[in-house]
Amino acid sequence: MSSLNYGDKVILVDEKKKSRHNTVLKEGIRFSTQYGFIEHEDILKAGDGGVVKASKGMKYRVYSPSYIDYVMGIKRRAQIIYPKDTAVMLMWGDIHPGLDILEAGIGQGALSIALLRALGGQGTLTSYEVRDDFAEQAQGFIRDYLGETPNHSVEVRSIYDGIDGQYDRIMLDLPEPWHVIPHSKEGLKVGGTLIVYLPTILQVKSCVDAMEESGLYDDIETFEFIKRPWKVEGRSVRPEMWTFNHSAFIISAKRVGSFTEPVNEVEEKPSETGADEEE
Ligand SMILES: C[S@@+](CC[C@H](N)C(=O)[O-])C[C@H]1O[C@@H](n2cnc3c(N)ncnc32)[C@H](O)[C@@H]1O
């Protein structure tokens, strides 16, 4: 059983799976449900995955909210990146501790939370966001879920106007990412990775065209990630009838140096090459 502490968020789900409550554990407090109350002390004793009984007998399972529970529970004013896509973006972006990452825009901060967790306190995340209300709200969600994150800075500005500094990764979730491609020449280190999240294929086409024309990128991959849930109940084992189908496309690409600008000069001797091959 994983232990809980006062101050932790918990979710309580009744044994019939009809009600679900969120609370934060506090010493000396009781939580009221339609089936009576539960002492916070007993929730703490049950721990993550454990079971407590309310005063009128209903049993509740205790859960510590996961990343998915948390971000899917955020009351949304901007569309978030769905966790199934976030998972893929972290892998294709090769996100690991020690990187300097730039993201735009911050939206609700769902991707920021995932990036900060993957950095594990090493490296930095900078978020550009045009709307100051979104910037402020997202920072509230990030603080609420992760606590203080001194390696995160938020700048209220448009990334279309340029990038200050140089980053190992750039993650874009905004409507017209092609405006960022010229700025990524200086803003993304050679060897770095660009990840773009886009809901429509026309946006993808404009972005990939801009990337190709810039000559700054190689290994440009466009894909969508489809999660197909199955029903497994008795003899009924089949894909679910109704599923959430499309979220967005992901583009990943590597920032590369130009073939017209190699780092060294050599005296080219074509005949010697031929001689080597004959030996
Ligand atoms: C779909 S939301 C991002 C959601 C975020 N990735 C998340 O997971 O919560 C798009 C955000 O981009 C911001 N945005 C749009 N254009 C921008 C720009 N030029 N520079 C910075 N942010 C921008 C919007 O204000 C909005 O907050």
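Caption draft 1: Quick look at the overall build of the protein chain. A count of helical and extended segments in the protein chain gives eight helices and 15 strands. Against the 2.2 N^0.38 benchmark of 19 Å for 279 residues, the protein chain shows a C-alpha radius of gyration of 24 Å, more extended than a compact globule. The principal-axis extent of the C-alpha atoms belonging to the protein chain is close to 90 × 50 × 40 Å. A total of 279 residues make up the protein chain; the buried ones form 42% of that total. Contacts in the protein chain between residues far apart in sequence, at least 24 positions, make up 60% of those at least 6 positions apart. Accessible area of the protein chain: about 16,300 Å², with a carbon and sulfur share of 50%. Positive and negative side-chain charges of the protein chain, numbering 32 and 44 respectively, have mean locations separated by a distance of 17 Å.

Caption draft 2: Expanded view of the layout of surface pockets. Taken as a whole, the largest pocket encloses approximately 590 Å³ of empty space. If you trace the largest pocket, you find 35 residues lining it, with Gly 105, Gly 107, Asp 173, Leu 174 and Pro 175 closest to the centre. Those elements that place two or more of their residues in the lining of the largest pocket are β7 (100-104), α4 (110-119), β8 (124-129) and β11 (188-198). The element that contributes the greatest number of residues to the lining of the largest pocket is α4, accounting for three residues. In the lining of the largest pocket, the residues fall into 20 nonpolar, 10 polar and five charged.

Caption draft 3: Region of the structure containing the domain arrangement of the protein chain. We note that the domain assignment places domain 1 (9-65) and domain 2 (76-255) within the protein chain. One C-alpha centre belongs to domain 1, the other to domain 2; they are set 35 Å apart.

Caption draft 4: Structural view of the sheet that holds strand β6 (residues 59-63). Judged by pairing direction, the sheet is antiparallel, and its four strands sit side by side in the order β2-β1-β6-β5 without closing on themselves. Two strands close off the open sheet at either side, each with one partner strand: β2 (20-24) and β5 (51-53). Ignoring which end each strand starts from, the neighbouring axes of this sheet average 30° apart.

Caption draft 5: Structural view of the nonpolar core. Val 71, Met 89, Ile 101, Leu 115 and Met 171 are the most contacted members of the largest nonpolar core, which has 32 residues in total. In terms of residue count, α4 provides more of this core than any other element does, seven residues in total. If sequence neighbours within four positions are ignored, Leu 115 has contacts with Leu 90, Ile 95, Ile 101, Glu 103, Leu 125 and Met 171. Leu 172, Val 208, Leu 216 and Ile 251 belong to the second largest nonpolar core, which has 25 residues in total.

Caption draft 6: Expanded view of the site of the ligand. In the vicinity of the ligand there are 22 residues, among which Gln 108, Glu 129, Phe 134, Ser 158 and Asp 173 approach most closely. Between the ligand and Gly 109, the relevant distance is 3.2 Å, taken from an oxygen atom to a main-chain nitrogen or oxygen of the residue. Glu 129 places a side-chain nitrogen or oxygen 2.6 Å from an oxygen atom of the ligand. Relative to its free-state accessible area of 600 Å², the ligand is covered by the protein chains to the extent of 89%. For the ligand, the cavity whose grid points lie within 2 Å of the majority of its atoms is the largest pocket. Only α4 and β8 provide two or more residues apiece to the shell around the ligand. Considering only residue class, the shell around the ligand consists of 12 nonpolar, six polar and four charged.

About the cut-offs
Residues numbered from 1 in each chain as written. Predicted model: local features only at pLDDT ≥ 70, side-chain atom pairs only at ≥ 80, totals over all residues. Heavy atoms only, no water. Helix = DSSP H or I, 4+ residues; strand = E, 2+ residues; numbered from the N terminus. Rg over C-alpha atoms; globule rule 2.2 N^0.38 Å. Buried < 20%, exposed > 50% of the residue type's maximum accessible area, 1.4 Å probe, protein only. Contact = heavy atoms within 4.5 Å. Areas by Shrake-Rupley, 256 points an atom, 1.4 Å probe, with all protein chains shown as cover. Lys, Arg positive; Asp, Glu negative; His and termini not counted. Charge placed at Lys NZ, Arg CZ, Asp CG, Glu CD. 1 Å grid on protein atoms, 1.4 Å probe; cavity = no way out; pocket = protein on both sides within 12 Å on 5 of 7 lines; lining within 4 Å. Points joined across faces, edges and corners; volume = space filled by probe spheres on them. Nonpolar A, V, L, I, M, F, W, Y, C, P; charged D, E, K, R; others polar. Domains from an automatic or database assignment. Pairing = 2+ DSSP bridges. Axes fitted to C-alpha atoms, helices over the stretch in contact; angles between N-to-C directions. Core = buried A, V, L, I, M, F, W, Y, C linked by side-chain atoms within 4.5 Å. Near = heavy atom within 4 Å. Polar contact = N/O pair within 3.5 Å; in protein donor to acceptor, adjacent residues only side chain to side chain. Sits in = over half its atoms within 2 Å of the grid points.

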